[in-house]
Amino acid sequence: MTADNPEVPLRGSVDLSQLVKKDEPPAPAEPVAGSAQGTAPAPIEVTEQSLQELAQLSAQVPVVIVFLSSASPASKELVERMRTLLVRYNGALVLASCDIDTQMSVAGAFQVQAVPTVMGLIAARPAPLFQGNAEDEQIISVLDQVLEIARQNGVTGSAGGAPEQPQGPPEPPPLPPLHQEAYDAIEREDYVAAIDAYDRALRENPKDADARAGRAQVALMERSRLADVDAVRSAAADAPHDAEAQMAVADLDVMGGQVEDAFARLIDVVRTSAGPEREQVRVRLVELFDVVGTDDARVVKARQALAAALF
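For clarity, every value in this text was computed on a predicted model and none was experimentally measured. (Residues numbered from 1 in each chain as written. Predicted model: local features only at pLDDT ≥ 70, side-chain atom pairs only at ≥ 80, totals over all residues. Heavy atoms only, no water.)

Topic: the side chain of Asp-251
Take Asp-251: it is sitting in helix 9 (residues 243-255). In this structure Asp-251 touches Leu-220, Arg-223, Ser-224, Arg-284 and Leu-288, once residues within four positions along its chain are discounted. (Helix = DSSP H or I, 4+ residues; strand = E, 2+ residues; numbered from the N terminus. Contact = heavy atoms within 4.5 Å.)

Below is the structure:
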């Protein structure tokens, strides 16, 4: 693949694919400094030490290497033109340069015989492009061919181009209106208003599990926020058959992470009570199941115990 120019086409080059580690995926291409739209990307300096890293990079995005000599003005001029021309590719190609005066072994590996010489590196496989100072239109034609060959070989990454948006967690979908109303109320610690919003959501859709869980959590917060812990526990100890006292302690246990104790306490009350009081405790226990999470193993176990207590 060469541009139409009077220079002699390059011979084949060595295969650098052995430099790509087979037990690792290609390293993600990092943005090249100065590669924003309208700014020419700075070339990567190719050395013996950086050659393996460059081979790895070429498995992600094709690399164009300009071999130059610090004593050759034509070489330096070509690098500057290549920097400008690669802007149009918006990071789909990476520019690198190699000074053969200091990196003779690298130049030998690529079988470079004259400067300036331009090589492509696609999936660690060098491809001769052209020698000498080709016209811009010829260079663009060659670079387009490089991209096409890269695509055919699955090398379609990017090394920058237009600045990317910062990567972060995806934006959550917007909440349904009544859920958002409840959330806003919770933010301002108006738990009564939050409960009302969740109640309206449940009237609209009785199967709204998120609204049911949200209501249970907010109701627990509302019941417990002003509780005197010592007084609540003392009252429950003094009146073990008082359903209200036992429910109050169960609330505190769930808030404090003593979930199994809370469930066991209320199941005992269900087992020993009857009528409206029993139903009240059962409803409270089901609410606490929603707070903890219906898939929680402790909830699954407690549901079985509740069923046994009821029947």
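Observations regarding helix 12 (residues 297-310)
Spanning 14 residues, helix 12 covers 20 Å between terminal C-alpha atoms, matching the ideal 20 Å at 1.5 Å per step. Regarding helix 12, the residues found buried are Val-299, Ala-302, Leu-306 and Ala-309. With its buried residues spanning 75 degrees around the axis, helix 12 presents them on a single face. Facing away from the buried side of helix 12 by over 90 degrees, the exposed positions are Ala-297, Lys-301, Gln-304 and Ala-308. The inward-facing, buried residues of helix 12 contact helix 10 (259-272) and helix 11 (275-292). (Expected span 1.5 Å × (residues − 1). Buried < 20%, exposed > 50% of the residue type's maximum accessible area, 1.4 Å probe, protein only. Arc of directions from axis to C-beta.)

Side note on the sheet that holds strand 5 (residues 125-131)
Strand order in the open sheet formed by five strands is 1-3-2-4-5, with mixed pairing between adjacent strands. The sheet terminates laterally at strand 1 (44-45) and strand 5, the two strands that pair on one side only. Pairing of strand 2 (residues 63-68) with strand 3 (residues 94-99), which is carried by six bridges, proceeds in the parallel orientation. Along strand 3, the bridge assignment pairs Val-66 with Ser-97. (Pairing = 2+ DSSP bridges.)

Remarks on the pairing of strand 5
Where burial is concerned, most of strand 5 is hidden: six out of the seven residues are buried. Here strand 4 (residues 117-122) runs beside strand 5; their pairing, made up of six bridges, is antiparallel. Counterpart to Met-119 in the pairing with strand 5 is Pro-128. Counting the residues that bridge the hairpin from strand 4 to strand 5 gives two residues, and of these Ala-123 lies at a positive phi of roughly 50 degrees.

Read these as layout, nothing more, since geometry by itself doesn't imply function.
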